[in-house]
Amino acid sequence: MSRIDLHTHSYYSDGTESPRRVVELATQAGLSAFSLTDHDTLEGHAEAETACRELGIRFIPGIEFSSSTQGVEVHMLGFLIEASHAPFRQVLARQKTRRMQRIRDIVSKLQAAGVAIEVADVLAASGKGVLGRPHVAQALLNRGHVKTLREAFDRFIGPKGPGFIHGSTTSPADAIRIIREAGGVPVLAHPVYLKNDALIEDMVRDGLAGLEVYHYSHSPGLVAQYEQMADRLGLLRTGGSDFHGNAKEGAVVGSVNISEELVERLQAWKQAHPSAS
Ligand code: AMP
Ligand code: ZN
Ligand code: FE
Ligand code: FE
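Rules of the game
Residues numbered from 1 in each chain as written. Chains lettered and ligands numbered in written order. Predicted model: local features only at pLDDT ≥ 70, side-chain atom pairs only at ≥ 80, totals over all residues. Heavy atoms only, no water. Helix = DSSP H or I, 4+ residues; strand = E, 2+ residues; numbered from the N terminus. Rg over C-alpha atoms; globule rule 2.2 N^0.38 Å. Buried < 20%, exposed > 50% of the residue type's maximum accessible area, 1.4 Å probe, protein only. Areas by Shrake-Rupley, 256 points an atom, 1.4 Å probe, with all protein chains shown as cover. Lys, Arg positive; Asp, Glu negative; His and termini not counted. Charge placed at Lys NZ, Arg CZ, Asp CG, Glu CD. Donors = N, O, S within 2.8 Å, 3.2 Å for Na, K, Ca; no water. Near = heavy atom within 4 Å. Polar contact = N/O pair within 3.5 Å; in protein donor to acceptor, adjacent residues only side chain to side chain. Nonpolar A, V, L, I, M, F, W, Y, C, P; charged D, E, K, R; others polar. Expected span 1.5 Å × (residues − 1). Contact = heavy atoms within 4.5 Å.

### Let's talk about the overall build of the protein chain
Part 1 of the reasoning: Helix and strand counts for the protein chain come out as 10 helices and eight strands.
Part 2 of the reasoning: Rg of the C-alpha trace for the protein chain: 18 Å, near the compact-globule value of 19 Å for 277 residues, within the 12% margin.
Part 3 of the reasoning: Counting all 277 residues of the protein chain, 53% fall into the buried class.
Part 4 of the reasoning: Carbon and sulfur atoms provide 51% of the accessible area of the protein chain, an area that totals close to 11,800 Å².
Part 5 of the reasoning: Here the protein chain holds 29 positive side-chain charges and 32 negative ones, and the gap between their average locations is 4 Å.

### Side note on the coordination of the iron ion (ligand 3)
Ideal donor angles around a metal are set by the shape: a four-donor tetrahedron calls for 109.5 degrees, a six-donor octahedron for 90 or 180 degrees.
Part 1 of the reasoning: For the iron ion (ligand 3), the full set of protein donor atoms is Glu64 (OE), His75 (ND1) and His190 (NE2), and the range of their distances to it is 2.0 to 2.2 Å.
Part 2 of the reasoning: The sequence pattern formed by the donor residues of the iron ion (ligand 3) is E-x10-H-x114-H.
Part 3 of the reasoning: Separating the iron ion (ligand 3) from the zinc ion (ligand 2) is a gap of 5.5 Å. Of this pair, histidine 75 sits in strand 4 (residues 72-79) while histidine 190 sits in the loop between strand 5 (185-188) and helix 8 (197-205), and the two are 115 residues apart along the sequence.

### Some words on the site of ligand 1
Part 1 of the reasoning: The environment of ligand 1 is formed by Asp14, His39, His75, Arg99, Arg102, Gly132, Arg133, Pro134, Phe153, His244 and Glu249.
Part 2 of the reasoning: Here an oxygen atom of ligand 1 and a side-chain polar atom of arginine 99 are 2.8 Å apart.
Part 3 of the reasoning: In isolation ligand 1 has 500 Å² of accessible area, and contact with the protein removes 80% of it.
Part 4 of the reasoning: Breaking the shell around ligand 1 down by element, the ones donating at least two residues are helix 3 (86-112) and helix 5 (133-142).
Part 5 of the reasoning: Residue classes in the shell around ligand 1 are distributed as two nonpolar, four polar and five charged.

### Quick look at helix 3
Part 1 of the reasoning: Along its 27 residues, helix 3 runs 39 Å from first to last C-alpha, staying within 8% of the 39 Å computed at 1.5 Å per residue.
Part 2 of the reasoning: For helix 3, every residue scored as buried is listed here: Phe88, Val91, Leu92, Gln95, Arg99, Arg102, Ile103, Ile106, Val107 and Leu110.
Part 3 of the reasoning: In this structure, the buried residues of helix 3 make contact with strand 3 (58-69), helix 4 (119-124), helix 5, helix 6 (149-157) and helix 7 (172-181).

Everything listed here is a matter of coordinates, which is why it stays silent on function.
Okay, here's the thing in structure tokens:
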């Protein structure tokens, strides 16, 4: 059985490795297909796609699109998006600008709370693409305010911290619509973080196509539970490691055992649901 990984990050969002390096790791793990799903950006795709071609592994275009509702963060994976879709590119460009402004606002809030940190510290801790809280966490670590990234979230930039600002004001329903209009297949990432099954049913009514049943953080019991939920709601299943490099989040590439057959189902769904625009 061939194995795949449909959830990985590079330094174009908050991973620490280049797209090429992630593809090398996927090849070394013996995977037959791989998706790069950086937060809110497709900037790593060109490099990943070239590396996949050279190393003989199938490239599945992906993204992890940020949204929020009722005060909770909802991450929506989008697979097989058409990268040339201009409205989608505009949405991502706006989100990139918004994320830069958000860093300035988070830094201001932290400064107001008495934390010595500058925007330049965050930029120095970031990669090549979009900025996010993990870069602020790293900057707080570098400045000696915390001992771990986790502590940075718990004390400063998590929902209860003085520097918290949502990553996106887009609703999950809009995230689903935006992904589908770009020809993509919307899949709810790591449902365990949501802890709210009613919200998942809302998303199904709003056009959700799949559930990330297999995620490094899901115990075997949870996997069984989400397999049942996917069947009950008529959802596709996907899965992945959520690899972030050495950013101390996620697992190693290829560590979640899933088969390439899931990709054929994503393809079939896409063909059966031509984009609305
Ligand atoms: P952002 O989209 O900028 O709000 O950043 C969200 C990202 O921060 C998530 O995708 C995780 O990678 C990371 N993250 C969120 N909460 C935590 C936490 N408690 N500890 C470590 N990383 C976290
Ligand atoms: Zn991340
Ligand atoms: Fe996520
Ligand atoms: Fe992720």
